Amino acid sequence: MLSVVAVVLASYLVVRVVWPLRLSRAARAGLALLVFGLALHHRIVARFAGSMASPEIPKAAIAVLGTGFIALLLTTVFVLLLDALCILAWALRRRRALAALRRPGVRPLIAAVALLLSGYGTWQAMAVPQVRQVEIAIEGLPEAFDGYRLLQITDLHASRLLTGDWVAAVVAAGNAQQPDLIVLTGDMVDGSPRARADDMRPLAGLQAPDGVVAVTGNHEYYAEYRAWMPALRALGMQVLENGYLEIRRGDAALTLAGVTDPVAARYGLPLPDSAAALAGADPQAPVILLEHRPREARARAQAGVALQLSGHTHGGHIVGMDRLVKRANGGFVSGLYDVDGMALYVGNGAGLWPGFATRIGVPSEIALITLRPATSG
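Here is a short report on the structure shown in this document. For clarity, every value in this text was computed on a predicted model and none was experimentally measured. Every chain is numbered on its own, with residues counted from 1 as its sequence reads. pLDDT decides what is reported in this predicted model: residues at 70 or higher carry local features, side-chain atom pairs at 80 or more are listed and counted, and totals for whole chains, interfaces and linings draw on all residues regardless. Side-chain measures here rest on the full set of heavy atoms in the structure, leaving out hydrogens and waters.

Some remarks on the packing of aromatic side chains
Phase 1 of the analysis: A pair of Phe, Tyr and Trp rings is counted when the ring centres sit within 6.5 Å of each other, with Trp represented by its six-membered ring. The angle between the planes then sorts it: under 30 degrees is stacked, over 60 is edge-to-face, the rest tilted. Counted under the stated rule, the structure contains six aromatic pairs.
Phase 2 of the analysis: A centroid spacing of 4.2 Å and a plane angle of 20° characterise the contact between Y221 and Y225, whose relative ring orientation is stacked. Exposure class is identical for Y221 and Y225. Each is buried.
Phase 3 of the analysis: An angle of 75° between the planes, with centres 5.1 Å apart, marks the rings of F332 and Y337 as edge-to-face. This pair shows no difference in class: F332 is buried, exactly as Y337 is.
Phase 4 of the analysis: Ring-pair connections join several aromatic residues into one group, and the members of that group are Y221, Y225 and Y267.
Phase 5 of the analysis: Note on geometry: a ring has a charge over it if NZ (lysine) or CZ (arginine) is within 6 Å of the ring centre and within 35 degrees of the ring normal. Here R28 stacks its cationic end above the ring of W19, 4.6 Å away from the centre of that ring.
Phase 6 of the analysis: Against the face of F48 rests R47, its NZ or CZ located 5.4 Å from the ring centre. Accessibility here uses a 1.4 Å probe with only protein chains present; expressed as a share of the type maximum, an area under 20% marks a residue as buried, one over 50% as exposed, and anything in between as partly exposed.

Structural notes on the packing of helix α2 (residues 25-39) against helix α4 (residues 59-91)
Phase 1 of the analysis: Between N-to-C directions, angles span 0 to 180 degrees; the directions come from axes that are lines fitted to C-alpha atoms, helices contributing only their stretch in contact. Helix and strand assignments come from DSSP, with helices taken as H or I runs of at least 4 residues and strands as E runs of at least 2, each series counted from the N terminus. Following both chains from N to C, one finds α2 and α4 inclined at 105°, their axes separated by 9 Å at the closest point. As judged from the angle between their axes, α2 and α4 are roughly perpendicular. Of the residues in α4, those touching α2 at V35, L38 and A39 are L65, G68, F69 and L72.
Phase 2 of the analysis: Looking at the contact of α2 with α4 residue by residue, the class counts come to six nonpolar, one polar and no charged. Throughout, the term roughly parallel applies to angles under 35 degrees, roughly antiparallel to angles over 145, roughly perpendicular to angles from 65 to 115, and oblique to all others. By definition, residues are in contact when any of their heavy atoms lie within 4.5 Å. Under this grouping Gly is polar, as are all residues other than the nonpolar Ala, Val, Leu, Ile, Met, Phe, Trp, Tyr, Cys and Pro and the charged Asp, Glu, Lys and Arg.

Notes on the pattern of salt bridges
Phase 1 of the analysis: Basic side-chain nitrogens of Lys or Arg form a salt bridge, by our definition, when they fall within 4 Å of a carboxyl oxygen of Asp or Glu. Under the definition given, this model contains 15 salt bridges.
Phase 2 of the analysis: We note a salt bridge from D198 to R201, for which the minimum N-O separation is 2.6 Å.
Phase 3 of the analysis: With a relative accessible area of 53%, D198 lands in the exposed category.
Phase 4 of the analysis: Note that E291 and R300 form a salt bridge whose closest N and O atoms lie 2.7 Å from each other.
Phase 5 of the analysis: Classification of E291 by relative accessible area gives buried; the value is 3%.
Phase 6 of the analysis: Here the salt bridges share partners, and the residues they tie into one network are E56, R160, R196 and D199.

Digging into unusual backbone geometry
Phase 1 of the analysis: One non-glycine residue with positive phi stands out, namely H157, at about 55°.
Phase 2 of the analysis: Position of H157 relative to the elements: it lies in the loop between β2 (149-153) and α7 (164-175).
Phase 3 of the analysis: The class for H157 is buried, based on a relative accessible area of 0%.
Phase 4 of the analysis: Backbone geometry at N242 places phi at a positive 55°, although glycine is not the residue there.
Phase 5 of the analysis: As for its placement among the helices and strands, N242 is situated in the loop between β5 (237-239) and β6 (243-249).
Phase 6 of the analysis: Take N242: its relative accessible area is 15%, and that puts it in the buried class.

Looking at the pairing of strand β9 (residues 307-310)
Phase 1 of the analysis: Of the two faces of β9, the one holding L307 and L309 and the one holding Q308 and S310 are both buried throughout.
Phase 2 of the analysis: One bridge is not enough; two strands pair if DSSP finds at least two bridges between them. Judged from the three bridges that link them, strand β8 (residues 287-290) and β9 form a sheet pairing that is parallel. The residue bridging L289 from the neighbouring strand is Q308, located in β9.
Phase 3 of the analysis: Whether a crossover is right-handed depends on one test, that the path from the first strand over the helix to the second runs clockwise when the strands point away from the viewer. The parallel pair β8 and β9, bridged by helix α12 (residues 297-302), forms a crossover whose chirality is right-handed.

Structural notes on the sheet that holds strand β10 (residues 335-339)
Hydrogen bonds along the backbone pair up the strands of a sheet, which may run parallel or antiparallel.
Phase 1 of the analysis: Reading across the sheet, the six strands line up as β6-β7-β8-β9-β11-β10 and stay open at both edges, with mixed pairing between neighbours. The two strands at the open ends of the sheet, each matched to only one other strand, are β6 and β10. Shown here is a sheet whose adjacent strand axes are inclined to one another by a mean of 20°, direction ignored.
Phase 2 of the analysis: As judged from the four bridges shared by strand β7 (residues 252-258) and β8, these two strands associate in the parallel manner. In the sheet register, L256 faces β8, and the bridge partner there is I288.

Interpretation in functional terms is not warranted from these geometric data alone.
If you want it as structure tokens, here you go:
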């Protein structure tokens, strides 16, 4: 299905942008082949070098192909808008406006602007994320946990694009915040344990008094889930697969629970189950739930969760596109939400998967979350 959509979009661009160019037929044919190649590059690379989630090609090649692909998508959107304006000008009999919109250089200029935006988006996608400071009030938070500092790292997507040096920079930025606890909310890696061993090794350097706790996202399943579980634990993480742990400060306690990802169904592995994750937990302790996707937040609120930490959306990647991403994720895409009395924080993500590595107006982040007791009134 994705290939069919890609071919349709590429055909539209060839007809509306490439073929009207005042170039030789051979040059236009070459550009047309380039457009189709970029539109289908995920399939082509997956066929010869890795997979769609984990292309095992040089970093520079991933960046160039990704920039071209995003430029293709942006050009398609801009040209569609231009054609809509042409139809409107024609319907309103605005001949001068129609003539201006139809000038030969307009569409190539649009393509150039799209390429510049795409290059910027790739650069932003590869940047080391900034630390975002967030304060969240929790109903019933024990006084002993007032000011508790929790660092959330989500959607690292360690890969041939975001390599070990980049991961080490993220680790250094996180440790510098001196959090009480570090949590990773899924999509830590793209690729097998063997392919990503060097890129993931810096995560062993994460340090917090209450440890490093993780849940998996959909991409861990694409990348040899069963092999990654012992590999992640060997890096010093406690991985919660529909389970919980207790964090104590004297007689006061917090319950930290974590669930799996729905894509587990494809692999015959346990589906996310918040009831199983909380079985046996102290009913008096506030619950912090780690769940990669925010989509089921309302159900988690009804189950009594006080705070849910999620990722998966990458903040929507591009300003405007966040509205589409929100619709696919229960109405949640970025930042802090009040969901029926439960606090939900959806991180923009530290990284991105190599197949759609762009950020335009949606910066990457790691979040330092400070917990406070909720005050009535």
